[in-house]
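Take a look at the letters that make up each chain.
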Amino acid sequence: MNIAALCAVGVVASVLAIALRRENPETALMISLGAGAMILLGGLRLFLSGYNRLSVLLAQTGISYEYILVLLKVLGICFLTEFSCDCAHEAGMDALCSNLSLSGKILVIVTALPLFSSVLELVRTLTGG
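Counting from 1, residues in each chain are numbered in the order their sequence is written. Thresholds applied to this predicted model are a pLDDT of at least 70 for local features of residues and 80 or more for the giving and counting of side-chain atom pairs; totals over whole chains, interfaces and linings are not thresholded and use all residues. For side-chain calculations, the full set of non-hydrogen atoms in the structure is used, while hydrogens and water are omitted.

Moving on, we get to the overall build of the protein. The helix count covers DSSP runs of H or I at least four residues long, the strand count covers runs of E at least two residues long, and both are numbered beginning at the N terminus. Looking only at helices and strands, the protein features five helices and zero strands. Sequence-ordered secondary structure for the protein, helices as α and strands as β, is α-α-α-α-α. All radius of gyration figures rest on C-alpha atoms, and the globule criterion is 2.2 Å times the number of residues raised to 0.38. Rg of the C-alpha trace for the protein: 20 Å, well past the compact-globule value of 14 Å for 129 residues, more than 25% over. Expressed along its principal axes, the backbone C-alpha trace of the protein runs to roughly 70 × 35 × 15 Å. The long-range fraction of contacts in the protein, counting pairs at least 24 apart against all pairs at least 6 apart in sequence, stands at 54%. In the protein, 7 positive and 8 negative side-chain charges are present, and the distance between their average locations comes to 8 Å. Pairs of residues are marked as contacts when any of their non-hydrogen atoms sit within 4.5 Å. Residues counted as positive are Lys and Arg, residues counted as negative are Asp and Glu, and His and the chain ends are not counted. Note that the charge is assigned to NZ on lysines, CZ on arginines, CG on aspartates and CD on glutamates.

In structure tokens:
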């Protein structure tokens, strides 16, 4: 499934859920949850395809997998935080959304510390210190 198909599923499910919300809110919820699951699984499939291409590219360039692993972890943290924050916001829990966002930012900084230390070590080496 490509991104156009995922977006089409999202739009169609949104229109159906809005149309059914007044008469049958349970069905609207099931449509939303089903479409969300389909979109997440389709996105995961696209991610895995891109990850395989990235692995081949990294093998050719010689860049350390350690750095790429940190970047992928940070991206995962960002995506999960954004998804959780959107869910909390939709539920009317703006304070919870703010806390999730702040926690995600802190976790990104902590996860990226190995990259920061590598950069600082490189700067120290280049400056002769």
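The next point concerns the state of the cysteines. Disulfides are defined as cysteine sulfur pairs within 2.5 Å. Per the stated rule, a full pass over the model turns up one disulfide. Residue pairing for cysteine 85: its cysteine sulfur links by disulfide to cysteine 97, the two sulfurs lying 2.0 Å apart. Handedness of the cysteine 85-cysteine 97 disulfide follows from its S-S torsion of about 55°: it is right-handed. In this pair, cysteine 85 sits in helix α3 (residues 65-90) while cysteine 97 sits in helix α4 (residues 94-111), placing the two residues twelve residues apart along the sequence. You can call cysteine 97 buried: its relative accessible area is 11%. This cysteine, cysteine 7, is not joined by any disulfide, and cysteine 87 carries the nearest cysteine sulfur, 17 Å off. We call a residue buried when its accessible area falls under 20% of the maximum for its residue type, exposed when it is over 50%, and partly exposed in between, using a 1.4 Å probe and counting protein chains only. When its relative accessible area of 45% is taken as the criterion, cysteine 7 is described as partly exposed. For cysteine 87, which is in no disulfide, the shortest distance to another cysteine sulfur is to cysteine 85 and amounts to 9.4 Å. With a relative accessible area of 41%, cysteine 87 lands in the partly exposed category.

Right, let's get into the packing of helix α1 (residues 3-20) against helix α2 (residues 25-61). Whenever a helix is involved, its axis is fitted only over the stretch in contact; in every case the axis is a line through C-alpha atoms, and angles between N-to-C directions fall within 0 to 180 degrees. It is the contact of α1 with α2, at a shortest axis distance of 8 Å, that shows an interaxial angle of 170°. Considering their axes alone, α1 and α2 lie roughly antiparallel with respect to each other. The residues of α2 that touch α1, namely those facing Ile3, Leu6, Val9, Gly10, Ala13, Leu16, Ala17 and Leu20, are Pro25, Thr27, Ala28, Ile31, Ser32, Ala35, Met38, Ile39, Gly42, Gly43 and Leu46. In this classification, Asp, Glu, Lys and Arg are treated as charged, Ala, Val, Leu, Ile, Met, Phe, Trp, Tyr, Cys and Pro as nonpolar, and every other residue, Gly included, as polar. Its residues assigned to classes, the contact of α1 with α2 comprises 14 nonpolar, five polar and no charged. Each angle receives one of four descriptions, namely roughly parallel if under 35 degrees, roughly antiparallel if over 145, roughly perpendicular if within 65 to 115, and oblique otherwise.

Note on helix geometry: an α-helix contains 3.6 residues per turn, so any two residues three or four positions apart are oriented the same way. Take the residue count of a helix, subtract one, and multiply by 1.5 Å to get its expected span. For α4, built from 18 residues, the straight-helix expectation of 26 Å at 1.5 Å per residue is met to within 8% by its first-to-last C-alpha distance of 25 Å. Of all the residues in α4, the buried ones are Cys97, Gly104, Val108 and Thr111. The buried side chains of α4 occupy one side of the element, clustering within an arc of 70° when seen end-on. Exposed residues lying more than 90 degrees from the buried face of α4 are Ala95, Leu102, Lys105 and Ile109. Those residues of α4 that are buried are in contact with α3 and α5 (113-127). Arc definition: directions from the helix axis to the C-beta atoms.

The next thing to look at is the nonpolar core. One finds Val70, Val74, Ile77, Val108, Ala112 and Leu115 forming the largest nonpolar core, which totals six residues. When residues no more than four places from it in sequence are discounted, the contact partners of isoleucine 77 are Gly104, Leu107, Val108 and Thr111. Buried residues of nine kinds, namely Ala, Val, Leu, Ile, Met, Phe, Trp, Tyr and Cys, make up a nonpolar core once their side-chain atoms join them within 4.5 Å.

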